Structure formats: C-alpha cells, structure tokens
Amino acid sequence: MTRIAVIGPGAVGGTLAAWLAQNPGHDVTVCVRTPFERLEVETPEGPITASPRVATSPEGLSPVDWVFVATKTYDTQGTMAWLDALVGFDTTVVVLRNGVEHTAPFEGRIAQTHLVPAVVDIPAERSAPGKILQRRNGWIKVPAGYAGGALAMLFVETPIQLQLVDDFTTEAWKKLALNCAGAVNALVLKPAGIAHDEGAAEVMRSLVRECVAVGRAEGADLSDDLPDQVIAGYRAADPGSVNSLHADRAAGRPMELDARNGVIVRRGAVHGIATPANAMVVALLSAAAS
Ligand SMILES: NC(=O)C1=CN([C@@H]2O[C@H](COP(=O)(O)OP(=O)(O)OC[C@H]3O[C@@H](n4cnc5c(N)ncnc54)[C@H](OP(=O)(O)O)[C@@H]3O)[C@@H](O)[C@H]2O)C=CC1
Ligand SMILES: CC(C)(CO)C(=O)C(=O)O
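Note that this is a predicted model, so its numbers are computed, not measured.

Student: Sorry, what's going on with the sheet that holds strand β11 (residues 139-143) here?
Tutor: Reading across the sheet, the eight strands line up as β5-β2-β1-β6-β7-β8-β11-β12 and stay open at both edges, with mixed pairing between neighbours. The open sheet has two edge strands, β5 (53-55) and β12 (161-165), and neither has a second partner. Going across the sheet, the axis of each strand differs from the next one's by a mean of 25°, ignoring polarity. The pairing of strand β7 (residues 92-96) with strand β8 (residues 115-121) spans four bridges and is parallel. Pairing of V95 across the sheet is with P117, part of β8. Across the sheet, helix α1 (residues 11-21) touches β1 (2-7), β2 (26-31), β6 (66-69), β7, β8 and β11, and the angle it forms with β2 is around 160°.

Listed below in structure tokens is the structure:
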C-alpha cells in the first residue's frame, strides 16, 4: 500500500487526491483546514468521488511515502506543522504550486533529494469544501531525476499526465507567463473570456513580455511569441474559467500576488530589468485588498 498525504485539498489538491484515491493500492489522507465528508469532483471524464481519511490536525499522523503540498503560497506557515508529522526518512515532498520558487520555503526542512517542485496546469475551481470542477485533465511537470519515475507511477491510472522535464526552470517560467497575465482577471473580476477584449489582451501581453525578459535573465528558454501564445490559450479556454488568483480575490482571501507578479518585479530588479506593468498590478490589487 502506498501512503499518500495531500496538504490543502482545495481545487488542485482535492482534484489530485480524488484521482489518486481511485487506485485501491493508494492509502490517501487529506490534511484539511476546513473539514468535509468526501471529495466530489466534476472531471472531464465524468464525476468522481472519494472518501480519503480526513485529518484536521497533525496529531496522531505518522510518516507517509508521499506528501503533496497544495496549499497556497501565503499559507506556507500553516503547512509546516503537517510536514513535521508526515515526513520521515523516506518521505518525498512534492510542492504543487504556481510561481518559480516552489521549494524555497521548504529547503533546510526537507532534504533536497526528497523535495520535488511541480508545475501544475490543471484548471480547477472549488465551489465548497470538497466540491470541485476540474475543467481539463491537464498535466504536472517535475524535474527528471530522483523520484520522478516513482512519482509518474502514482498517476499511471489517472488521466493526468505526469511529465518528467530536463529544463524545469523553463517550464516554471512558461507557466508563470500564463499566470502573471491572470492578474487582469483578478483586477476586473471577469473570467478567461475577458481576453477576447483587445485592450485587456494588450495589458496581459505587457505583463507577459516583462515575464519573458526576466525569465530569460534567470536562464529560462522563452520564445518571442509567448505573449501571443498566452492570449491564444486564454481565448481557447472556456470563457467562464476562473483562475485561482481571481477566485481568491472574489472570495476575499489573500492572493498569491507576490508569487505570480511580485516575483517578476523582484527578480527583474536584480537583473536591472524594468517591470512597470507587473509593479502596477501588484500595487492595484494590493490596494484593492487593503
Ligand atoms: N486552481 C487552479 O486551477 C490551479 C492552481 N494552481 C496553484 O496550486 C496551488 C493551490 O491552489 P488552489 O488549489 O487553487 O487553492 P485552493 O484555495 O482551492 O486550495 C488551498 C487549500 O489549502 C487549504 N489550506 C490552507 N491552509 C491550510 C492548512 N494550514 N492546513 C491544511 N489545509 C490548508 C485551504 O483550506 P480552506 O478550505 O480552509 O480554504 C484550501 O482547501 C496554488 O499555488 C495555485 O496557484 C496551479 C494550477 C491550477
Ligand atoms: C490558469 C490556471 C487555471 C492554469 O492551470 C492556473 O494556474 C490557476 O488558476 O492558478
């Protein structure tokens, strides 16, 4: 039996936990802040349900084989107590988050050989604790190497593709390019379809152009047409899709602004690259939330 714990079974964590729990060889525990009875996920394959063990406190938990961290970047502090209980000598911790700084908060606490950053493109929206709409099957990309092959095995019976990549830096910045544009949705509180508005699309392109410049300075291999690719992706998506930054603002939660736009400004400053568009959306969304 493979023991798996998912910390933060929200939109992404809940979707993964539900899929992983479909395999009777997996013993799945979800570590929650807000408890629920069971997971109900509307997937592209049809509805699935799962009843993993629901832990509301780290007390009584013991080390598992795999821990998936799926809390937001602003909830890192609350994640640590779970790790203390769940991580043993042989535990691998996979960090499923947006941004380009996946493992930084956990380094020093988890051995580098057992810490795996993961870029996730699984659009999912949570309507209530345990109730999720998964809009696309999507993919997870992790660096090729230690743990990657074993991690891929966990997903073989799911429609989610687990891909091993040689250049994780490039993949993380490519995903950041998509996510930094999503600040426009959070600003105007309108879902993906707003990208059909040429004015909004041009603001998105400005955010992505800065991301491309900074990402290249950080060693990512990013193409010149990435801003247009991002807009094409938004326009091809279901116009009602709500990204997770937009969902946070709409729900009055904190936002992952620093991880998704602030990081472009911070890393841009290190390289002497101007990032006025990203600085502006950080300032406006911070002001809107204050
Ligand atoms: N949603 C999406 O489509 C995608 C999101 N991502 C990224 O994935 C990550 C997760 O996002 P997403 O799933 O949308 O986030 P959600 O807000 O839907 O889920 C986060 C979950 O973490 C829980 N949580 C917070 N603190 C704790 C804690 N101390 N202990 C246990 N659980 C806790 C929350 O609990 P509570 O129920 O109380 O709020 C919530 O269930 C983010 O980095 C996001 O950017 C990446 C790709 C797609
Ligand atoms: C844009 C999207 C849905 C892509 O997976 C995402 O990463 C998010 O909502 O945070």
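Student: Would you mind showing me how to read the site of ligand 2 here?
Tutor: Around ligand 2, the structure places N98, D121, I122, P123, K175, N179, N243, S244 and R260. The separation between an oxygen atom of ligand 2 and a polar side-chain atom of D121 is 2.7 Å. Residue K175 places a side-chain N or O atom 2.7 Å away from an oxygen atom belonging to ligand 2. Contact with the protein chains hides 86% of the accessible area of ligand 2, taken as 280 Å² for the molecule alone.

Student: Can you walk me through the state of the cysteines in this structure?
Tutor: Disulfide: a covalent bond connecting the sulfur atoms of a pair of cysteines. Following the criterion strictly, the structure yields zero disulfides and no others. C211 takes part in no disulfide bond, and the closest cysteine sulfur, belonging to C180, lies 4.4 Å away. The class of C211 is buried, set by a relative accessible area of 0%.

Student: How should the pattern of salt bridges be read in this particular structure?
Tutor: Side-chain pairs of opposite charge can arise where the charged atoms are in close proximity. Scanning the model with the defined rule gives 22 salt bridges in all. Taking the shortest distance from any N to any O, the salt bridge between E40 and R38 comes out at 3.3 Å. Residue classification places R38 among the partly exposed positions, given a relative accessible area of 38%. The closest approach of N and O atoms between D224 and R216, which form a salt bridge, is 2.6 Å. Its relative accessible area of 66% is what places D224 among the exposed residues. Salt bridges linked by common partners bring E198, E202, R205, R209, D228 and R235 together as one network.

Thresholds, definitions, all that
- Residues numbered from 1 in each chain as written.
- Chains lettered and ligands numbered in written order.
- Predicted model: local features only at pLDDT ≥ 70, side-chain atom pairs only at ≥ 80, totals over all residues.
- Heavy atoms only, no water.
- Pairing = 2+ DSSP bridges.
- Helix = DSSP H or I, 4+ residues; strand = E, 2+ residues; numbered from the N terminus.
- Axes fitted to C-alpha atoms, helices over the stretch in contact; angles between N-to-C directions.
- Contact = heavy atoms within 4.5 Å.
- Near = heavy atom within 4 Å.
- Polar contact = N/O pair within 3.5 Å; in protein donor to acceptor, adjacent residues only side chain to side chain.
- Areas by Shrake-Rupley, 256 points an atom, 1.4 Å probe, with all protein chains shown as cover.
- Disulfide = S-S within 2.5 Å.
- Buried < 20%, exposed > 50% of the residue type's maximum accessible area, 1.4 Å probe, protein only.
- Salt bridge = Lys/Arg side-chain N within 4 Å of Asp/Glu carboxyl O.

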